[in-house]
Each structure stands twice: as C-alpha cells, then as structure tokens.
Amino acid sequence: MTQFDPIVGVLLASSVAAAVAALGVVPQALMGRLATPVLGWGNALASGLMLGVAYSLTTVQPDGEVLMGAGGALLGMTFVRLTHVFAGVEDLDLNELGELDPAYGYQLFVVNTLHSAYEGVAIGVAMLVSLPFGFSMALALAVHNIPEAMVFTAVLRDRGVKVLHAAVLAVATKLNQVLLAVVTYSVLAALPAVLRWALGFAFGALVYLVLDELLPESYRQAGHTSIALVTLVAMGIVVALGGGVMQ
C-alpha cells in the first residue's frame, strides 16, 4: 500500500484554505455595499481566528525551549515590520472604501499578499508538528480567509471591480500561502532543529499582524465591546478545537 505523502497533505490543505477566500465576495454579491461596522466585525473575526492559531502554536513548543520560541517570536515581529516598511505599506488604511487612487489598490493587494505569507508559514510549521494539528490550523486559517477577503473585496467592489474579478483577486493574494506552507514544511523536515524557532516566528508574525493592523482597524469601524466579543469568541473556538486535535 502506498504511503501518504505529507507534502501532498500540506499542498492540499493550504490550497483549500486559499481557495476558500473566494467566498469573501459573497456578502457583497448578495447585499451590495457593506456597512462599516460589518467590515469591523469581519476584521475582528479574522483577528480572533488568527490569535487562536497563534496561541495553539505555543502549546506545542517543546518543554525547555522557551528562549528559542521567544527569539523566534521577536524575529517574526521584526520581519513583519521590516517587510511592510520595505513595501511602503506600514501605515496603510486597509478599509478606505472611498479611496480611488490606483496606487491604493496595488498597496492593498500587497498587504493582503504579505499577510498570506505568514499564514502559510504557520500552516507549514503546524503540519510538521503533526498532520492532524496542521489540518486543524489550515481549517482555522481557511475560515479566517473568508472575513479577511470580505474586507478586501469590499474595497475592490467599491472601486467598480466585478464580483468574479474580486473573487479571483482575493484568491490570488493567497497563492503564496500555498507556496510558503510547502516550502516551510520542506525546510523544517530537512532541518528539524529549526522547528523551535519557526514556531515562535509564526506566533510573533501572526500576533503582530493582529495587534498592529487588524484590531486597530476593527476598533475604528465598530463598537469596542462588540469587537472584543467577536475576537474573543473566535479565538476561543480555535483554541478549543486545536486542543481537541492535539489530545
């Protein structure tokens, strides 16, 4: 009997997670222009799911490797900051529905593509810990991709982009999620000693994205109480499901 190739599992899981982003355009297709609070709740949902993934990654950090994990987290946060500065999108407003400058559209595409890269790293790291754990992380990020794509496609639709084109662009920003998941898994499989650092790196990158970009946007769009509630509930669901998989 042919043994299942884990690389195929990584490829399939990350590809499904990327493809699910196309569903982000459904709310606009059904309801038209979305209200600002709805976008805020979408960002909050994406934030909570991402925080849940980040926390779950810390629970599989080997005992006695706290310093490596902390060092990796610092590297992750620093890397995210530097890549955003280098790309010129460190202070970009992610939800300017009325902004019609062509440069803004390209910058928004770049931001979402960068986000997907770190999510791909998280999937690849989780897959190396165990395939069930990796599949649970891919599922959580797939669900996360929907509200994140909803906010992205809302901006595109406001700029006159057709529904189908917006869906394609949403998935396009997730393609490097697939690439980074496969590359991360392959590199860590060859260099298992780096896993401790990689777990920390993924944690730091995801948390930084939430605290520096997603949650600040959410609080500007909707009430603080509702944003906090949506974020915490989403995070709790991911943590509960992730814990069940690892037990």
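Values in this document were obtained by computation on a predicted structure and should not be read as measured data. Numbering of residues starts from 1 in every chain and runs along the sequence as written. For a predicted model such as this one, the threshold for reporting local features is a pLDDT of at least 70, and the threshold for listing and counting side-chain atom pairs is 80 or more; totals across whole chains, interfaces and linings nevertheless cover every residue. Excluding hydrogens and water, the side-chain figures rest on all heavy atoms present in the structure.

Participant: Mind showing me how you'd approach the overall build of the protein here?
Facilitator: Per the secondary structure count, the protein includes 10 helices and 0 strands. Secondary structure elements are defined from DSSP: runs of H or I of at least 4 residues count as helices, runs of E of at least 2 residues count as strands, and each element is numbered from the N terminus. Secondary structure elements of the protein occur, N-terminal to C-terminal, as α-α-α-α-α-α-α-α-α-α. For the radius of gyration, the atoms used are the C-alpha atoms, and the globule rule reads 2.2 Å times the number of residues raised to 0.38. For a compact globule of 247 residues, the expected C-alpha radius of gyration is about 18 Å, and the protein comes in at 17 Å, within 12% of that figure. With respect to the three principal axes, the spread of C-alpha positions in the protein is 50 × 40 × 35 Å. Only protein chains enter the accessibility calculation, which uses a 1.4 Å probe; a residue whose area is less than 20% of its type maximum is buried, one above 50% is exposed, and one in between is partly exposed. Buried residues in the protein amount to 50% of all 247 residues. Only heavy atoms enter the contact rule, under which two residues are in contact if any of them lie within 4.5 Å. Considering only contacts in the protein between residues 6 or more positions apart, those separated by 24 or more positions represent 86%. Surface exposure of the protein reaches about 11,200 Å², of which carbon and sulfur atoms provide 73%. Here Asp and Glu are counted as negative and Lys and Arg as positive; His is not counted, and neither are the chain ends. One atom stands in for each charge, and that atom is NZ of Lys, CZ of Arg, CG of Asp or CD of Glu. One way to put it: in the protein the 8 positive side-chain charges average out to a point 8 Å from where the 15 negative ones average out. In short, Shrake-Rupley with a 1.4 Å probe defines the accessible areas, and a residue's cover is counted only from the protein chains shown.

Participant: Can you help me understand helix H9 (residues 195-221) in this one?
Facilitator: Since the α-helix packs 3.6 residues into each turn, any two residues three or four apart lie on the same face. Here a helix's expected span is defined as the number of its residues, less one, multiplied by 1.5 Å. With 27 residues, H9 extends 38 Å from end C-alpha to end C-alpha; this agrees with the ideal 39 Å at 1.5 Å per step. Taking the largest bend as the criterion, H9 deviates by roughly 40°, centred on Val 210. Judged by how many residues are buried, H9 sits mostly within the fold: 19 of 27 residues are covered. Given a residue, its bend is the angle between the two axes fitted to the seven residues that end at it and to the seven that start from it.

Participant: For this particular structure, what's the right way to read the packing of aromatic side chains?
Facilitator: In this description, a pair of aromatic rings is defined by centroid distance and the angle of the planes. Pairing of aromatic side chains here covers Phe, Tyr and the six-membered ring of Trp, requires ring centres within 6.5 Å, and sorts the geometry by plane angle: under 30 degrees stacked, over 60 edge-to-face, intermediate tilted. Counting across every chain of the model gives 2 aromatic pairs. Ring centres of Phe 79 and Tyr 118 lie 6.4 Å apart, and the angle between their planes is 90°; on these two criteria the pair is classed as edge-to-face. Of this pair, Phe 79 sits in helix H4 (residues 66-87) while Tyr 118 is found in helix H5 (residues 102-129), placing the two residues 39 residues apart along the sequence. Arranged with centres 5.8 Å apart and planes meeting at 55°, the rings of Phe 79 and Phe 201 form a pair that is tilted. In this pair, Phe 79 is assigned in helix H4 and Phe 201 in helix H9, connecting sequence segments 122 residues apart. Grouped by ring-pair contacts, the aromatic residues Phe 79, Tyr 118 and Phe 201 constitute a single cluster.

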